[in-house]
Amino acid sequence: MTYRSATRACLLLALSLGSYARPLGAQRATADSAIMELSLEQLMGVEVRSVSRREERVFEAPAAVFVLTAADLRRTGVSSVQEALQLAPGIQAAQLRSSQWAIGSRGFAGQYANKLLVLIDGRSVYSRLFAGVIWEEENLPISEIERIEVIRGPGATLWGANAVNGVINIVTKAASATDGSLATARYGRDGQAEVALQHSGSAGEAWSYRLFANRKAGDALGSLAGGESNDDWKLLRTGVRTMWKRAGDRLTVSADAHQLKYGTNFPQARAEPPYLFQLPERNDFSGGHALARWERTLSPGSALTLQGYLSYNHRNAMSSLDEKERTIDLEVQHQLTIAERQRVVWGGGYRSVDEHNRGILDMVFSPVRVTEQFFNAFVQDEIALVPHRAFVTLGGKLERNPYSGWELQPKASLSVLPSARQTLWASVARAVRIPASVDRNVDYPQAIIPSQVGGPPTVVALVGNPDLGSEVLIASEAGYRVRPTSSVSIDLAVYWNHYPKVRIFERSEPQYVPTPPPGVVRIAATAQTTGRADISGAELLSRWEPTAGWVLEGVYSYLNWDYSRTPTALEQGADRAGSAPRHQFRMRSASSLPGNIDVDLTYRYVADLPSFGVTSRHAVDGRLAWSPNAHIEWALGGRNMLSPPQAEFLSESRTIPSRIPWSVYSSVTVRR
């Protein structure tokens, strides 16, 4: 049975289950349906953890924060976190190929973006190979996600190096928040298909669990160069989450495993026309993690958290790299309230990363195996200058890494609440991005330039720098949130990011290398932190509820990028100004009609990317859903409608991108 046939069979199974679904009186309401009942005022009170490492109301948080709830994810019809991030202000999320994305916050987006920290339930998912996220691996089932917290701006004071331009924390549903079984089947144009199964249960009031399995796949898209892109993919993920709790104690244990197989074209430079070849290859990635977290309330106003996890990933790219990465991470955190005027969060952690990178064909890593150890300690103190009205927060993280040694990442913020309907905040912070393996250990010929006078060709090779230091950001931000009426909210953030040290690749003087005959002229492009950049911008989010059951939401993001580099620097993908859109705009309408019918429409505009020659794009996403009872939901939707197939971004790997097409899909979800 082919995967498509299996998907159709599961779809029929889900339809059959739906025909016999009936209300179960003892079953709890699902978390996302509960959130749908929240008013605007209650939504402003949704609590987040990513800003201060403790629960706080999003409306009062002293940072540019945006939350995508489970209801947002379900009603917009997104099939992945990557698609969902297109809804967030200040985030650039562009699809490269069928499963690959380029994502960044406030600039520096890229397939291998390295200044954005992504967490899943507080677990870092970034790869030490390039200090970024392999998004196609982290394609979680949407039904597992409770919310996505998007922090624009540095979060290094609490989360450490690489939380430079933002932090994205994906929070999955607690085992105790779900009950019963859930089945979802989805099928769309271009073979985009998904089957998700979930079962939750409990043993008494103390222990609960959830099992899940998810299969996603997509067919190959059209290539910008013509023909197909060889980017079809299949992802299988399965896992378990358990929770045990009693008065004052909560223990969470989770684990999952995944296997991803996908095709791509690997660009290889050769000393023969056309000098840059696109080699078709099949990638085979697999991995998993196990995490345990114990939370204990020591006394009113005092709580202790211990967390540890082990993760392992094996990524085999046939033509370029065989990578194995094992991470052990331990962390302790204590939060306490002092005299009702101070709230302190402090703690520390240890991380060990064992990497084994074996280059294939002409990519070379030296050394092949590296074991790295990281230590950190952090503290943040929020002091009430005027109780319930004005707060100053001071904090910093001291982190020891094997490359640039000790790094201090401090932050100071001020927040003022003139009334219950207004919040003013401002902050200044320093953050760093420590070098990754490819910055220090790689030697890879990126381009071959033929001689115009009959001499040997010139090879331009990216060469790691063992002495490379950290990239540095000094960030200044300010924001204002207001609810002028009970049905309107406005959230404005402005920022100026100054980067005194940005990684660029400096070209060496040409050198003739005689062997093998007839020899080549070699130019080494070595990683240095001699680049400079200033990025400023503004982000506006507004929400209006004209009537009960109808919500309008508008988002506008503006970005201005001033980038300078030395004359001998090599232009490199996302490090170039013009790789981020100056303007992004989104308008969303979500309405609930009589008869349990939901209608959602989203219009998106992204300005052009002059560095890549990518034109601006307009897109409309829509979804029509009907729930005949509390246990079944049918949906019909479309994405990128009214938009011609086009490239959205160019990868720094120089792989030819796909034309991202419009699509339609149908889905059914059954809960029992």
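Notes on the structure in this doc start here.

The next subject is the overall build of the chain. When its secondary structure is counted, the chain shows 7 helices and 38 strands. Since a compact globule built from 672 residues should have a radius of gyration of about 26 Å, the 25 Å found for the chain is in line with a globular shape. Along the longest, intermediate and shortest principal axes, the C-alpha atoms of the chain span 80 × 60 × 45 Å. Put simply, the chain has 672 residues, and 57% of those count as buried. For the chain, the proportion of contacts with a sequence separation of at least 24, taken over those separated by at least 6, is 63%. Of the roughly 26700 Å² of accessible surface on the chain, a fraction of 60% belongs to carbon and sulfur atoms. With 71 positive and 66 negative side-chain charges, the chain shows a spacing of 2 Å between the two charge centroids.

Once that is clear, we can look at the packing of aromatic side chains. Note on aromatic pairs: each is described by the distance of the centres and the angle between the planes. By the definition in use, this model includes 9 aromatic pairs. Centre to centre, the rings of Y262 and F285 are 5.5 Å apart; their planes meet at 85 degrees, and the pair counts as edge-to-face. Of this pair, Y262 sits in strand β15 (residues 249-269) while F285 is found in strand β16 (residues 276-299), placing the two residues 23 residues apart along the sequence. In terms of burial, Y262 and F285 fall into one category: buried. Three or more aromatic residues link up through ring pairs in this structure, and these residues are F108, Y499, W561 and Y563. The residue whose ring lies beneath R189 is W662, and the NZ or CZ to ring-centre distance is 3.9 Å.

So, about the sheet that holds strand β3 (residues 64-69). A sheet is described by the order of its strands in space; here 5 strands give the open sequence β3-β8-β9-β6-β7, paired in mixed fashion. In the strand order of this sheet, the two ends are held by β3 and β7 (123-124), each with one partner.

About the criteria used
- Residues numbered from 1 in each chain as written.
- Predicted model: local features only at pLDDT ≥ 70, side-chain atom pairs only at ≥ 80, totals over all residues.
- Heavy atoms only, no water.
- Helix = DSSP H or I, 4+ residues; strand = E, 2+ residues; numbered from the N terminus.
- Rg over C-alpha atoms; globule rule 2.2 N^0.38 Å.
- Buried < 20%, exposed > 50% of the residue type's maximum accessible area, 1.4 Å probe, protein only.
- Contact = heavy atoms within 4.5 Å.
- Areas by Shrake-Rupley, 256 points an atom, 1.4 Å probe, with all protein chains shown as cover.
- Lys, Arg positive; Asp, Glu negative; His and termini not counted.
- Charge placed at Lys NZ, Arg CZ, Asp CG, Glu CD.
- Phe/Tyr/Trp six-rings, centres within 6.5 Å; stacked < 30°, edge-to-face > 60°.
- Lys NZ or Arg CZ within 6 Å of the ring centre and 35° of its normal.
- Pairing = 2+ DSSP bridges.

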